[in-house]
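Observations on the model geometry
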Amino acid sequence: MAPLAAVVLSWAAIWWLRKRQLNFSLIALFALAVGVPIGLLAGKHVEAINPIGHIYINVLLATVAPLILVAIVSSITSLGSLAKLRSIGVRSIFWLMLSNALAVVLALGLALAFQPGQGLHHKLGELSTDTIQGQVQDFGQVVVGFFPTNVVQNFSANDVIPIILIAVTLSVAYLALAEKEPEKVRPFGAGAEALKLVIFKAVGYVIRLTPYAIVALTADMVGSSTNLGSDFRSLVGLLALVWAACFVHAYVLNGAILTAFADVPVVAFFRKIFPAQLTAFSTQSSIGTLPVTTAQLTRKVGVHTEIAHFTAPLGTTIGMPGCAGIWPIMVAVWGINAYGISYSVSDYVVLAVLGVVVSVGTAGVPGAATVAAATVLSAAHLPLEFVAATIPIGVIADMARTATNVTAAAVSATVVARQTGLLDDEIFAGRAEFVDADELAESERVTGPVPVRLPAARPQVVTGAVPAPVPVAAAQGVASPTPFPVSAAGPYGGLRPAEIYPQVYWGSTELSAVAGSTNGTERT
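What counts and what doesn't
- Residues numbered from 1 in each chain as written.
- Predicted model: local features only at pLDDT ≥ 70, side-chain atom pairs only at ≥ 80, totals over all residues.
- Heavy atoms only, no water.
- Helix = DSSP H or I, 4+ residues; strand = E, 2+ residues; numbered from the N terminus.
- Buried < 20%, exposed > 50% of the residue type's maximum accessible area, 1.4 Å probe, protein only.
- Contact = heavy atoms within 4.5 Å.
- Areas by Shrake-Rupley, 256 points an atom, 1.4 Å probe, with all protein chains shown as cover.
- Phe/Tyr/Trp six-rings, centres within 6.5 Å; stacked < 30°, edge-to-face > 60°.
- Lys NZ or Arg CZ within 6 Å of the ring centre and 35° of its normal.
- Expected span 1.5 Å × (residues − 1).
- Axes fitted to C-alpha atoms, helices over the stretch in contact; angles between N-to-C directions.
- Left-handed = near helix turned anticlockwise from the far one by under 90°.
- Nonpolar A, V, L, I, M, F, W, Y, C, P; charged D, E, K, R; others polar.
- Salt bridge = Lys/Arg side-chain N within 4 Å of Asp/Glu carboxyl O.
- Core = buried A, V, L, I, M, F, W, Y, C linked by side-chain atoms within 4.5 Å.

This part takes up the overall build of the protein. Check the secondary structure of the protein and you find 25 helices and zero strands. Burial statistics for the protein: of 524 residues in total, 52% are counted as buried. A separation of at least 24 residues holds for 81% of the contacts in the protein among residues at least 6 apart in sequence. With an accessible surface of roughly 23,400 Å², the protein has 64% of that area assigned to carbon and sulfur atoms.

One pass over the structure, following the stated rule, counts 10 aromatic pairs. Grouped by ring-pair contacts, the aromatic residues Phe-247, Tyr-251, Phe-269 and Phe-270 constitute a single cluster. Here the basic side chain of Lys-272 rests over the ring of Phe-428, its NZ or CZ set 5.1 Å away from the ring centre. Geometry around Trp-327 places Arg-401 over its ring, the cationic atom sitting 4.5 Å from the centre.

We now examine helix α10 (residues 182–207). With 26 residues, α10 ought to run about 38 Å at 1.5 Å a step, and its terminal C-alpha atoms sit 36 Å apart, in line with that. Within α10, the full set of buried residues consists of Val-185, Gly-189, Ala-192, Lys-196, Ile-199, Val-203, Val-206 and Ile-207.

Here we come to the packing of helix α14 (residues 286–301) against helix α20 (residues 394–419). Running from amino to carboxyl end, α14 crosses α20 at an angle of 35 degrees, the nearest separation of the two axes being 10 Å. In this structure, the crossing between α14 and α20 has a hand that is right-handed. Judged by residue contacts, Ser-286, Thr-289, Thr-293, Leu-297 and Val-301 of α14 engage Thr-402, Asn-405, Val-406, Ala-410, Ala-413 and Thr-414 from α20. Here the residues of the contact of α14 with α20 are counted per class, giving five nonpolar, six polar and no charged.

Further remarks concern α20. With 26 residues, α20 should reach 38 Å at 1.5 Å per residue; the first-to-last C-alpha distance of 37 Å fits that figure. For α20, a buried count of 23 out of 26 residues is recorded, marking the element as mostly surrounded by other parts of the structure. Downstream of α20 by one or two residues, Gly-421 has phi in the positive range, about 75 degrees.

With respect to the helices and strands, Val-331 occurs in helix α16 (residues 321–338). Residue Val-331 is classed as buried on the basis of its relative accessible area of 0%. Each C-alpha atom, one on Val-331 and one on Ala-373, is 7.4 Å from the other, the two residues being 42 residues apart in sequence. In this structure, Val-331 is in contact with Leu-377, Phe-386, Val-387 and Thr-390, ignoring residues within four places of it in sequence.

For side chains bearing opposite charge, pairing can occur when the charged atoms are close. Applying the stated criterion across every chain yields a total of five salt bridges. A salt bridge links Arg-401 to Asp-398, with the nearest nitrogen and oxygen atoms 3.0 Å apart. In this pair, Arg-401 and Asp-398 both sit in helix α20, three residues apart, roughly one turn of the helix. Grouping residues by exposure puts Arg-401 and Asp-398 together as buried.

Here the focus is the nonpolar core. Counting 72 residues, the largest nonpolar core has Val-242, Ile-326, Trp-327, Met-330, Leu-351, Leu-377 and Leu-382 as its most contacted members. Sorting elements by how many residues they give to this core places α16 first, with 12 residues. If we ignore the near neighbours within four places in the chain, the residues touching Met-330 are Ala-107, Leu-110, Ala-111, Leu-238, Leu-241, Val-242 and Ala-245. In this structure, Trp-95, Val-303, Ala-417 and Leu-423 belong to the second largest nonpolar core, which totals 46 residues.

Our next topic: unusual backbone geometry. In the Ramachandran plot, Asp-263 falls in the positive-phi region, its phi being about 55 degrees despite a non-glycine side chain. Structurally, Asp-263 is set in the loop between α12 (232–262) and α13 (266–283). We classify Asp-263 as exposed; its relative accessible area is 60%. The backbone phi angle of His-381 is positive, close to 60 degrees, even though this residue is not glycine. Summarising the element assignment, His-381 is placed in the loop between α18 (368–379) and α19 (385–389).

Okay, structure coming up:
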């Protein structure tokens, strides 16, 4: 009962911090810090805490399939152009695959430089590989699995690529019909938007539980990952190298990509996506972190919803640099050294290529790295015993691997948004606040037009005719004159509140100047 009592006390502290309106990231960090000592003190009794974390992950995973479906359908139907969809899709796949290719090169370079596993002199046949053998995936079957055969089964299994294909097919069909018979398919578009509002609201409830779940998940991880076996020193060395590779990829390589191709401040970007990284670190599930990832991208980074809700879900099954790039390569090199297997330069090249190819279709769920490593090693004709020997550090390594996966997906979405002109610098800089177009319409229906908050800049003098407010329905895709500069890619169908409701602000000096220039007639 003591571990459970400690968890409950930590929840009370988290509730108090939330009441004090402390930053979400700080509360999550507090939960992570509290979970470590609880796990250490609980030891084998951590099993009492285990169900709490699993319940949260199950609930979180239950939101993934409907979230991906409605988010993609809503985003694509708002594009209005199949050409735009092709552009976003090709760019997304390119950047996600490039991220994994860089991870493979990085992992191979670090592994060959530090040579993990040397001096162990293991012999093959010492460990059973029956369980691992059952997890090997044939690449041909992986490709076949991309295409749905049973929609209900795909949704129940959270098969991301089939769900994406279903959503894209429905959206393309809608766009094709909307060009010819818009009135007939209008209910479909309205229904998709309404369903998105409901599901996003439900997901928001789940996300609010994240700090409470982090305590249980961290305690469970710490309490159940204390026995590394007889190869303690070697496995800890491999674990440290994996974490170092994940850190370099997540922050150094991605930082360089952001600077070169997204033109955003790197430190500010990582600060904004930190809640998603921390959630991934705790839950060890890229798919489970998806609601947090998309929320941070749209509301903090300024990535347009059509990019965030397409590229980020795609990044939970394509790319995956932590699970499909770094981990299989590190395990392979560790095993080659530990078991004294002869390996040539050409063999390493083939291993690297396989690491990139197998990243397509890796599921963003806990344990996916084991499947990816088993598949890569089997394709490279390496013993699966390598994977079995590294299982003791798998849980701890998965924390860094998952955070790396989520970071790569967020960076890819940001780069695609910049390249397509759908990155809102005003939101990124904190000078504008993201509000979903549907949320805006609902708020107006209940309370009237949303007041506009001006950026921190000196009001400008408008000497021409004051523009009349433009209705929301008429504002979609229409450039509206404003009294201060704004970016072109806001979240309200390309417009932000300031563009939908233009405002003119006058000070005493400006009024005097205008009065003098208009024959003494004061304009307000």
